[in-house]
Amino acid sequence: QVQLVESGGGLVQAGGSLRLSCAASGSIVRINAMRWYRQAPGKQRELVASINSGSGTYYADFVKGRFTISGDNAKNTVDLQMNSLKPEDTAVYYCNANAQTAIDYGVSYWGKGTLVTVSS
């Protein structure tokens, strides 16, 4: 099993910044990709950003130019630097990792989430 722990969520004013961090641990052979998702109350969970083991990145349109995802392959961590935050960014942010373990080739694992609240 792989465990993911997020940190860095909190309350911030519109226009402010937060940095989310996620650390993966467990019987990890390789992490293929790490991603950040978010889910607001009553809404679908949506992909925010993704980074693969080669440091290739993807960003959802609604965060392009504002958020930056980065990872450390050696430490199995991923960060999400969030700038110019808007009230509509308010959501629970979840770390996701597609990882290979001793018994699984590639499985998605989820953290429990960290709440980001952006006030007007």
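The paragraphs below set out a description of the structure included in this document. Computed from a prediction, not measured in an experiment: that's the story for all the values here.

Let us now look at the state of the cysteines. This structure, assessed with the given rule, holds one disulfide. Residue C22 pairs covalently with C95 via a disulfide, S to S 2.0 Å. Here the disulfide of C22 and C95 is left-handed, its torsion about the S-S bond being about -85 degrees. Taken as a pair, C22 in strand β3 (residues 18-26) and C95 in strand β9 (residues 91-101) lie far apart in primary sequence, 73 residues in all. What makes C22 buried here is its relative accessible area of 1%.

A few words on the pairing of β9. Working note: regular strand, side chains alternate between the two faces of the sheet. Among the 11 residues that make up β9, nine are buried, leaving the element largely enclosed by the rest of the structure. Bridge count for strand β4 (residues 28-39) against β9 is 10 bridges, and the pairing is antiparallel. If you follow I28 over to β9, its bridge partner there is T101. By the bridge criterion, three bridges tie β9 to strand β11 (residues 114-119) in an arrangement that is antiparallel. Bridge pairing in β11 places V92 opposite L115. When β9 meets strand β10 (residues 107-110), the two strands line up antiparallel, connected through four bridges. Note that in β10 the partner of A97 across the bridge is Y109. Counting the residues that bridge the hairpin from β9 to β10 gives five residues.

The rules behind the values
Residues numbered from 1 in each chain as written. Predicted model: local features only at pLDDT ≥ 70, side-chain atom pairs only at ≥ 80, totals over all residues. Heavy atoms only, no water. Disulfide = S-S within 2.5 Å. Helix = DSSP H or I, 4+ residues; strand = E, 2+ residues; numbered from the N terminus. Buried < 20%, exposed > 50% of the residue type's maximum accessible area, 1.4 Å probe, protein only. Pairing = 2+ DSSP bridges.

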